[in-house]
2 protein chains.
Amino acid sequence: MAGSVNRRWVVKQRPQGLLRPGDLALVEGAVPEPADGEFVVRVTHLAFDPAQLYGISFDSYRPAIPIGDVVDSFAAGEVVQSRNARFPVGMKVQGSFGWQDYCLVADSSEVTALRSESPVKALNVLGLTGLTAYFGMTEIARPGKGDIVVVSGAAGATGSIAGQIAKIAGARVIGIAGGPEKCRWVTEVAGFDACIDYKAQDIGERLAALAPDGVNIVFENVGGAVLDASLAHLAIGARIALCGGISSYVPSEGAPPAGIQNYMQLGLRRASMTGFLVFDYADRFEDAFATLGRWLDDGTIVSVEDVQQGLEQAPETLNRIYRGQNFGKQLLAL
Amino acid sequence: MAGSVNRRWVVKQRPQGLLRPGDLALVEGAVPEPADGEFVVRVTHLAFDPAQLYGISFDSYRPAIPIGDVVDSFAAGEVVQSRNARFPVGMKVQGSFGWQDYCLVADSSEVTALRSESPVKALNVLGLTGLTAYFGMTEIARPGKGDIVVVSGAAGATGSIAGQIAKIAGARVIGIAGGPEKCRWVTEVAGFDACIDYKAQDIGERLAALAPDGVNIVFENVGGAVLDASLAHLAIGARIALCGGISSYVPSEGAPPAGIQNYMQLGLRRASMTGFLVFDYADRFEDAFATLGRWLDDGTIVSVEDVQQGLEQAPETLNRIYRGQNFGKQLLAL
């Protein structure tokens, strides 16, 4: 793309908490030219997920993004220049293209054709989010008919899909979300049996009323006080699938991350809390996509996306997740 | 036992934290006379365990001991009066006789002949403590050859036995205990490979040095900051058997119980934390006792008991556990 400018968000310093001016820089450069076997994608949509701030801030299950490198991100786009016959110009694709206008793809092994005509569905249900909900619920949480399942972050991307998968399995599903608008969507659109508004209601009191014999399954996306409330209402033999802990991803100013006090309930209730990484199921991703795609097409599951606008808004768009501002999958259209 | 006095510790009010004067009362009464099928045991040794304060203080996995009732406790003793042919006078027995000089046994279903000639071994390795270590390690923690196992409370009753069972399974075992005397016993007598003195050393630094590739198994008896340190050093796929959390059993004055911050490491490490109750394995207790008895007889496992003196010391003897004053199984000789 001779003459075009490529804007890229690169890491300048390790953030302390949420992203602030100075942590990243938006730099401009030429759009790279593809060598033989390579192609260039114009990025149209970025996908945001809670683990992203880890990658910018410190080493975790993967090394932190090196200082000076572009911020890593799943994205959708279109091939605009190509020296790779499998990825011709005009093809709609999804892959890890990063926070930039154009991505030069040298290694195409993890780039695929867009899995839906809708890029926002492709990056949500038919992306890492759908896979996380699918494998977390079917492999770790494993609800059965009649089980009472609590899903925190129920109006979030993963939680909303996870709860619907539990419904498919025949469970009774209680969501936890923040605010009446989200709670209404969770019950009326996503079809959960109930939703607790953690901003207006006491989670423990509501769980005691909704599940007087205790909760069999917890699909946890929030952690901290929200997880503590569920821990206090476990049934014997309960399973907690620890999918995320958004409340502890960002330490507040000087304070330690929100912890949990009620973990000894695992002992009293012979319960378990188990973490997972979706990448461990990579050999089954295509089967999962096929199932998720069918559910999405026939309306068995619904999804919601929160689409912000403009590459320059990428850092603030990521911050929205940790502030609970997103409603559904957080995306950014370029 | 006409003419004898039976002293009994009964619950007067629910303790707030450790036992204090006024929570219990030592009351005197006549030794009860056995009816047909009943017998009377003179209690010689009481066994103390961390969950006991739960039973005095509040409902947990079992209802709290009713106000006015004698404090529940495993114990050893001798039949001194009997109208039950299976439990003749002079027979040495163990069972749940409570904090009292004499126990009238109406339901003998959980009373057995003393499982060792030594009442202190019978109440430790051949009692609930041995069973807890045995089933927690073999059913939940399940170490294999070459696994690195961390055992907290390593000089405590359950931890010291659990670590030795992990050694039998071929694991490399790191204990955590308080003070040089306990640590020396853990390595030199109980045969652990290493022991971290949490009072003098930084647990995290020592774990990083002793297990640079992470810990595969944690057998947790302490909780709070000790568990948090292990959570920060898990290997991929690690298992935590949550046996106890002595640090969180007794809330300190006004402060919430010690929590854990690093639980999201379960997600990053695809690890699990699982609670258990030994009573769930009741149908296999006799097999476990046979195995434990063989190990004890042939010297494969060693045990240590901390024997205080006098029924009037029972409340302070229970408090010793939560202060970390006991060295091995806490017992009281009457």
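Quick look at the structure, then.

Rules used throughout
Residues numbered from 1 in each chain as written. Chains lettered and ligands numbered in written order. Predicted model: local features only at pLDDT ≥ 70, side-chain atom pairs only at ≥ 80, totals over all residues. Heavy atoms only, no water. Helix = DSSP H or I, 4+ residues; strand = E, 2+ residues; numbered from the N terminus. Rg over C-alpha atoms; globule rule 2.2 N^0.38 Å. Buried < 20%, exposed > 50% of the residue type's maximum accessible area, 1.4 Å probe, protein only. Expected span 1.5 Å × (residues − 1). Contact = heavy atoms within 4.5 Å. Buried area = accessible area lost by both parts, 1.4 Å probe. Salt bridge = Lys/Arg side-chain N within 4 Å of Asp/Glu carboxyl O. Polar contact = N/O pair within 3.5 Å; in protein donor to acceptor, adjacent residues only side chain to side chain. Pairing = 2+ DSSP bridges. Least-squares fit on C-alpha atoms with pLDDT ≥ 70 in both.

Glancing now at the overall build of chain A. Secondary structure assignment for chain A yields 11 helices and 15 strands. Relative to the globule expectation of 20 Å for 334 residues, the C-alpha radius of gyration of chain A, 20 Å, shows essentially globular dimensions. Taken along the three principal axes of its C-alpha coordinates, chain A extends 65 × 45 × 35 Å. A buried classification covers 58% of the 334 residues belonging to chain A.

With that settled, the discussion passes to helix 4 (residues 157–168) of chain B. All names here are of chain B. In this model helix 4 runs 17 Å from its N-terminal to its C-terminal C-alpha over 12 residues, within 8% of the 16 Å that 1.5 Å per residue would give. Most of helix 4 sits out of view: 10 of its 12 residues are buried. Here helix 4 has its buried residues at Ala157, Thr158, Gly159, Ser160, Ile161, Ala162, Gly163, Gln164, Ile165 and Ala166. Glycine 170 sits one or two positions beyond helix 4 and adopts a positive phi of about 95°.

This part takes up the interface of chain A and chain B. In this assembly, 31 residues from chain A lie in contact with 31 residues from chain B. For the pairing of chain A and chain B, the buried interface totals around 2,500 Å² over both sides, and the portion due to carbon and sulfur atoms is 64%. It is A:Tyr263, A:Met264 and A:Arg270 in chain A that bury the most area against chain B; as a group they hold 26% of the surface buried on that side. Where chain A touches chain B, the interface holds 2 salt bridges. For B:Asp280, the salt bridge is made with A:Arg270, and the minimal N-O distance between the two is 2.7 Å. Taken together, chain A and chain B are joined by 8 residue pairs in polar contact (both at pLDDT 80 or more). Residue assignment for the side of chain A that touches chain B shows that the elements contributing at least two residues are helix 7 (224–231), helix 8 (246–249), helix 9 (265–268) and strand 13 (272–275) of chain A. Counting residues per element, the side of chain A that touches chain B draws most heavily on strand 13 of chain A, which supplies 4 residues. By the bridge criterion, 3 bridges tie strand 13 of chain A to strand 13 (residues 272–275) of chain B in an arrangement that is antiparallel.

Mapping one chain copy onto the other needs a rotation about an axis and a shift along that axis. Between chain A and chain B, the superposition needs a rotation of 180° and an axial shift of 0.0 Å, giving an RMSD of 0.0 Å. Accordingly, the operation relating the two chain copies is best matched by a two-fold axis.

All names here are of chain A. Looking at the secondary structure, you find aspartate 72 in the loop between helix 1 (52–57) and strand 4 (74–82). Here aspartate 72 falls in the partly exposed class, since its relative accessible area comes to 35%. The spatial distance from the C-alpha of aspartate 72 to the C-alpha of phenylalanine 48 is 10.0 Å, given a sequence separation of 24 residues.

Residues and elements named next belong to chain A. Considering all chains together, one arrives at 21 salt bridges over all chains under this definition. For arginine 7, the salt bridge goes to glutamate 312, with nearest N and O atoms at 3.5 Å. With arginine 7 in strand 1 (residues 5–11) and glutamate 312 in the loop between strand 14 (305–309) and helix 11 (314–322), the pair connects residues that are 305 residues apart, well separated along the chain. Judged by its relative accessible area of 43%, glutamate 312 falls in the partly exposed class. In this structure, glutamate 78 engages arginine 42 in a salt bridge whose closest nitrogen and oxygen atoms are separated by 3.8 Å.

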